[in-house]
Amino acid sequence: MANVIVVGAQFGDEGKAKVTDLLAKNADVVVRYQGGCNAGHTVVVDGETYKFHLIPSGALYQKTCIMGPGMVIDPERFLSEVEALGNLISVDKLRVSTTAHVTMPYHLMIDAAEEDSRGDQKIGTTKRGIGPTYADKCARSGIRVEDLLDEKVLRSKLEWMIPRKNVILERLYNLPPLKVEEVFTQYYEYGKRMAKYVSDTAAIIFNSVGQKKNILFEGAQGTLLDLDHGSYPYVTSSSPTAGGACIGAGIGPTIIDRVIGVSKAYMTRVGEGPFPTEQEGQVGDMLRQIGKAWAEVGVTTGRPRRCGWFDAVLGRYSVRINGLDCLAITKLDVLDEFDEIKVCNAYRDKITGETFKELPSIGASFKNMEPIYETFKGWKTSTSECRSYKDLPVEARKYLDFLADELDVSIAIVSVGPQRDQTIVIEDPIHGPKRVLTRST
């Protein structure tokens, strides 16, 4: 294999778990490098559905699975997930970074209260406490996993922090205060139960590199939800892009051999924020409802996903931001019933009338962009049994070739259903040629 990063190339929910599961078979170590239990990964194996929120999906292959220092971890949800998965698979090779930050009860309370107070300025947070946990991390007042293992350190930090959080809870949001002793007792007990999984994960990764092991890095969410490069403020609180893997795992960029992007054959978004190609009528309903196995609801929240056509402008942006070597296109089969299929190939500014092939801004002006579409004839036949590129209908191949040309990156994998074997490998995603940037920006 190699040392490979898998990233979401859209707004998240691209089907990264299936691609990670495919690649994890030949990996020695699988590393989750950012995010928390706001993520949702679904893998279907032999008709059995596995849902992951914190634990890397490589656990299904009994690989060494690492939850890196860039993650934020809710201990209660972590232990629940371990228990649920432990009834199905072994989690003995699971390792949690000592320096990952911990989501505390005040983070959950503040996240929910703040989102509810925003009115029409809602961000669309999952209310899992992710943003407030990262905020405390940046403010250098967070609690890390290693603190849960040290009675004196944990108590000292809580005695300092909780009175300050109670001011916010009581005076700003009219919520009941937290009690230091209750929180300490609960989270110190969580620490005892987590202790057997806690390790210096950066050292494990470093040693694995030295031993020439194959390492797969997986992120949560997607490029357009990146804190720096996404549709701010409608973003997550970490960096799901390829660059975030180095920081969130504790490795240098020189060890990375390959970056694989994952995109749906169309586009979805959960929560608030601009979405130029969103379809709110019959087309959006069809994209959301076709196929029970691909029901478009958030794995973590259960919220219906907003659906729309593929956006090549955002696709080109994602290729550039991540330095993608190739793409995996998922859910092609969802388009099987459409008479025609559209791709946004450029934007028009609704105010100035100016046309853009490349993303002009991911800032405030992004909401002013309206799509300019290319229209393709649908193939109107099932692709779910296709197992090679030549098996695909001619119209489906034309559609994929167009996406590859417009994004200036090869398509290595095409998924035509949720099962492991419903996958077409066009080229080796690991050992294929390194991409050379040729498109003028």
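This text follows the structure it describes.
Below, the structure is looked at part by part. (Residues numbered from 1 in each chain as written. Predicted model: local features only at pLDDT ≥ 70, side-chain atom pairs only at ≥ 80, totals over all residues. Heavy atoms only, no water.)

## Topic: the overall build of the protein
Reasoning step 1: Helix and strand counts for the protein stand at 11 helices and 20 strands.
Reasoning step 2: The C-alpha atoms of the protein give a radius of gyration of 22 Å, which matches the 22 Å a tight globule of 441 residues would have.
Reasoning step 3: Looking at the protein as a whole, 56% of its 441 residues are labelled buried.
Reasoning step 4: Considering only contacts in the protein between residues 6 or more positions apart, those separated by 24 or more positions represent 76%.
Reasoning step 5: Of the roughly 18,300 Å² that the protein leaves accessible, carbon and sulfur atoms contribute 49%. (Helix = DSSP H or I, 4+ residues; strand = E, 2+ residues; numbered from the N terminus. Rg over C-alpha atoms; globule rule 2.2 N^0.38 Å. Buried < 20%, exposed > 50% of the residue type's maximum accessible area, 1.4 Å probe, protein only. Contact = heavy atoms within 4.5 Å. Areas by Shrake-Rupley, 256 points an atom, 1.4 Å probe, with all protein chains shown as cover.)

## Focus on the environment of Asp333
Reasoning step 1: Tracing the backbone through its elements, the reader meets Asp333 in the loop between strand E15 (326-330) and strand E16 (340-349).
Reasoning step 2: Note on Asp333: relative accessible area 14%, which makes it buried.
Reasoning step 3: Remark: the alpha-carbon pair of Asp333 and Cys344, spanning 11 residues in sequence, is separated by 19 Å.
Reasoning step 4: From its side chain, Asp333 meets the backbone nitrogen of Gly417 in a polar contact 3.4 Å long. (Polar contact = N/O pair within 3.5 Å; in protein donor to acceptor, adjacent residues only side chain to side chain.)

## Some points on the nonpolar core
In summary, soluble globular proteins display a tendency toward joint burial of nonpolar side chains.
Reasoning step 1: Residues Ile73 and Phe78 are the most contacted members of the largest nonpolar core, which totals 59 residues.
Reasoning step 2: Apart from the residues within four sequence positions on either side, Phe78 is in contact with Leu54, Met67, Ile73, Leu94, Val96, Met194 and Tyr197.
Reasoning step 3: In this structure, Ile5, Leu324, Ala396 and Val416 belong to the second largest nonpolar core, which totals 52 residues. (Core = buried A, V, L, I, M, F, W, Y, C linked by side-chain atoms within 4.5 Å.)

## A look at the packing of aromatic side chains
Reasoning step 1: Applying the stated criterion across every chain yields a total of 9 aromatic pairs.
Reasoning step 2: When the centroid spacing of 5.8 Å and the interplanar angle of 85 degrees are considered together, the rings of Phe78 and Tyr197 count as edge-to-face. One end of the pair, Phe78, is in helix H2 (residues 75-86); the other, Tyr197, is in the loop between helix H6 (180-194) and strand E9 (198-199), with 119 residues separating them in the sequence.
Reasoning step 3: Overall, the relative accessible area of 0% leaves Phe78 in the buried class.
Reasoning step 4: Overall, the relative accessible area of 7% leaves Tyr197 in the buried class. (Phe/Tyr/Trp six-rings, centres within 6.5 Å; stacked < 30°, edge-to-face > 60°.)

## Topic: unusual backbone geometry
Reasoning step 1: The omega torsion across Tyr232 and Pro233 is 5 degrees, close enough to zero to call that bond cis.
Reasoning step 2: The backbone of Gln62 shows a phi angle near 60 degrees, a positive value even though the residue is not glycine.
Reasoning step 3: Tracing the chain through its elements places Gln62 in the loop between strand E4 (48-52) and strand E5 (64-67).
Reasoning step 4: Phi is positive for Gln221, which is not a glycine, with a value near 55 degrees.

## A word on the side chain of Ser208
Reasoning step 1: Position of Ser208 among the secondary structure elements: in helix H7 (residues 201-210).
Reasoning step 2: Residue classification places Ser208 among the buried residues on the basis of a relative accessible area of 4%.
Reasoning step 3: Polar side-chain contacts of Ser208 include one of 2.8 Å to the backbone oxygen of Ile204.

## Section: the pattern of salt bridges
Reasoning step 1: Applying the stated rule across the entire model yields 20 salt bridges.
Reasoning step 2: Measuring nitrogen to oxygen at the nearest pair gives 3.0 Å for the salt bridge that ties Glu146 to Arg144.
Reasoning step 3: The exposure class assigned to Glu146 is partly exposed, which follows from its relative accessible area of 31%.
Reasoning step 4: Judged by relative accessible area, which is 29%, Arg144 ranks as partly exposed.
Reasoning step 5: A salt bridge links Asp325 to Lys434, with the nearest nitrogen and oxygen atoms 3.0 Å apart. Residue Asp325 is located in the loop between helix H10 (312-322) and E15, and its partner Lys434 is located in the segment after strand E20 (423-425); the two are separated by 109 residues in the primary sequence.
Reasoning step 6: If you follow the salt bridges from partner to partner, you end up with Arg316, Lys357, Glu358 and Glu406 in one network. (Salt bridge = Lys/Arg side-chain N within 4 Å of Asp/Glu carboxyl O.)

## Examining the environment of Thr98
Reasoning step 1: Note that Thr98 resides in the loop between strand E7 (94-97) and strand E8 (101-102).
Reasoning step 2: Separated by 29 residues in the primary sequence, Thr98 and Pro69 have C-alpha atoms spaced 7.2 Å apart.
Reasoning step 3: Among residues more than four places away in sequence, those in contact with Thr98 are Arg144, Val145, Glu146, Val198, Ser199 and Asp200.

## Examining the pairing of E15
Reasoning step 1: The buried count for E15 comes to 5 of 5 residues, which makes it a mostly enclosed element.
Reasoning step 2: Pairing between strand E11 (residues 258-264) and E15: 5 bridges, direction parallel. Bridge assignment links Lys264 to a residue of E15, and that residue is Thr330. (Pairing = 2+ DSSP bridges.)

## Re helix H3 (residues 105-117)
Reasoning step 1: Helix length check: H3 (13 residues) gives 18 Å between terminal C-alpha atoms against 18 Å at 1.5 Å per residue, within 8%.
Reasoning step 2: If you follow the buried residues of H3, they end up packed against E8, helix H4 (130-138), helix H5 (151-172) and H6.
Reasoning step 3: Directly beyond the C-terminal end of H3, a positive phi value near 60 degrees is found at Gly119. (Expected span 1.5 Å × (residues − 1).)

## Remarks on the environment of Asn38
Reasoning step 1: Locating Asn38 in the fold gives a position in the loop between strand E2 (29-32) and strand E3 (41-45).
Reasoning step 2: For Asn38 and Ile372, which are 334 residues apart along the polypeptide, the C-alpha to C-alpha distance reads 33 Å.

## Regarding the state of the cysteines
Reasoning step 1: For the structure on display, the rule yields 0 disulfides.
Reasoning step 2: Free of any disulfide, Cys344 has its nearest cysteine sulfur in Cys307, 16 Å distant.
Reasoning step 3: With relative accessibility at 0%, the residue Cys344 sits in the buried group. (Disulfide = S-S within 2.5 Å.)

## What to know about the sheet that holds strand E1 (residues 3-8)
Reasoning step 1: Judged by pairing direction, the sheet is mixed, and its 10 strands sit side by side in the order E9-E7-E5-E2-E10-E1-E11-E15-E19-E20 without closing on themselves. With one partner strand each, in any of the chains shown, E9 and E20 form the two edges of the open sheet.
Reasoning step 2: Note that E5 and E7 share 3 bridges and pair parallel. Looking at E7, one finds that Cys65 is bridged to Leu94.
Reasoning step 3: The sheet contacts of helix H8 (residues 242-249) involve E1, E2, strand E10 (215-218) and E11, and relative to E1 the element is tilted by about 120 degrees.
Reasoning step 4: Lying on the sheet, helix H11 (residues 394-407) is in contact with E15 and strand E19 (410-415); it crosses E19 at an angle near 140 degrees. (Axes fitted to C-alpha atoms, helices over the stretch in contact; angles between N-to-C directions.)

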